[in-house]
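A structural walkthrough
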Amino acid sequence: MKILICGGDERIVLLSGQLGAAGHEICCIGLDRAELPEGVRRISAPERCDAAIFPVPVEKAGGELNAPFARSRLSAIEVLESTRDTPIVIGGKLGATFKEMALSNGQRVFDIMQRPEFTAGNAAVTAEGALSRLMNASDKAVQDMRVLVIGWGRIGKLLLQKLSGLGTRPCLMSKNPEARALAGAMGYEALAPDCGNALMSSFDAVINTAPAPVLGELSALRDSCILLELASTPGGFDAQKARERGMEYIAAPGLPGKYAPVSAAELIFGAVNNIFKECGIYE
């Protein structure tokens, strides 16, 4: 197969090498300043290929292609339009306009963020990366910390499990009564957002995984409490208020690509291979 790589971070650079090693012909745009694996070819304009792979996520704010290695800004929609003769489009967290345009071009569109084989592994790497960031930020051992995890999604559940394995007794905060009940049945302390100031003042760190504010005011937390934000914008913390209080606020979106790019690339590679099999490209 001939595959076009369109932008992306270190994960996608490594992915291009993995795909090349698997026998595919790889060309790329938007990786101008990246150190490319052997055999990966830079091109100035998209060529007709069998598949186009976009970043995870595809776009930054304002529709800009997520291409940190590009020498200039690229429009995600414009790059997509230039691949209209490429039958398969793969990317992560596809925007509605991006997906609609690809479909209107007659392209088959696949969102890696909708693939369970990717999202489960990605959540595990994110949880591990979050613990690494927490360890680096604190002068306490994790086993001596009282940690609150906000959100009962994949990442939240894995964080609770990993924290427990390190000897601490983590606590969950969720708006969902069913989530709190299930967490309690699994042996975790579980709190509602209106749990009261006394409990909130006991935490050494709060890790947010929820995509919207759950905690509310930060006033009940200690000034020394570490705030670790894993969710995308708008996130769960008021970063400005945290900084005004002198709290340590760590914004850590996209952790897999920063913490463990090789593992993150392997997860994308696995999802891409499964997509190719579903398309009947190879068995």
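Quick caveat, the model's predicted, so the values are computed rather than measured.

1. Some remarks on the sheet that holds strand E9 (residues 189-191)
Strands sit in the order E9-E8-E7-E10-E11-E12 across an open sheet of 6 strands; the sheet is parallel. Unpaired on one side and paired on the other, E9 and strand E12 (248-251) mark the two borders of the sheet. With strand direction ignored, the average angle separating the axes of adjacent strands in the sheet is 20°. Looking at chain direction, strand E10 (residues 205-208) and strand E11 (residues 226-229) are connected through 4 bridges and run parallel. Residue pairing in the sheet places alanine 205 in a bridge with isoleucine 226 of E11. In the packing of helix H4 (residues 116-137) onto the sheet, the strands contacted are strand E7 (147-150), E10, E11 and E12, and the crossing angle to E11 comes to about 155°.

2. Describing the sheet that holds strand E1 (residues 2-6)
The sheet built from 6 strands is open, its strands ordered E3-E2-E1-E4-E5-E6 with parallel pairing. With partners counted over all chains shown, the strands left at the sheet margins are strand E3 (41-42) and strand E6 (108-111), one partner each. With 4 bridges connecting them, strand E5 (residues 88-91) and E6 associate as parallel partners. Within E6, the residue paired with glycine 91 across the bridge is aspartate 111.

3. A closer look at the side chain of serine 138
Within the secondary structure, serine 138 is located in the loop between H4 and E7. Assessed through its relative accessible area of 16%, serine 138 is described here as buried. A polar side-chain atom of serine 138 sits 2.9 Å from the main-chain amide nitrogen of lysine 140. Every residue in contact with serine 138, bar those within four places of it in the chain, is listed here: Met145 and Ile226.

4. Thoughts on the packing of H4 against helix H5 (residues 154-165)
Between H4 and H5, the shortest axis-to-axis distance is 9 Å and the interhelical angle comes to 50°. By the angle between their axes, H4 is oblique relative to H5. With respect to the hand of their crossing, H4 and H5 are arranged in right-handed fashion. Each of Thr119, Ala120, Ala123, Ala124, Thr126, Ala127, Glu128, Ala130 and Leu131 in H4 lies in contact with H5, whose residues at this interface are Arg154, Ile155, Leu158, Leu159, Lys162 and Leu163. Grouping the amino acids of the contact of H4 with H5 by side-chain chemistry returns 10 nonpolar, 2 polar and 3 charged.

Definitions and cut-offs
Residues numbered from 1 in each chain as written. Predicted model: local features only at pLDDT ≥ 70, side-chain atom pairs only at ≥ 80, totals over all residues. Heavy atoms only, no water. Pairing = 2+ DSSP bridges. Helix = DSSP H or I, 4+ residues; strand = E, 2+ residues; numbered from the N terminus. Axes fitted to C-alpha atoms, helices over the stretch in contact; angles between N-to-C directions. Contact = heavy atoms within 4.5 Å. Buried < 20%, exposed > 50% of the residue type's maximum accessible area, 1.4 Å probe, protein only. Polar contact = N/O pair within 3.5 Å; in protein donor to acceptor, adjacent residues only side chain to side chain. Parallel < 35°, antiparallel > 145°, perpendicular 65-115°, else oblique. Left-handed = near helix turned anticlockwise from the far one by under 90°. Nonpolar A, V, L, I, M, F, W, Y, C, P; charged D, E, K, R; others polar.

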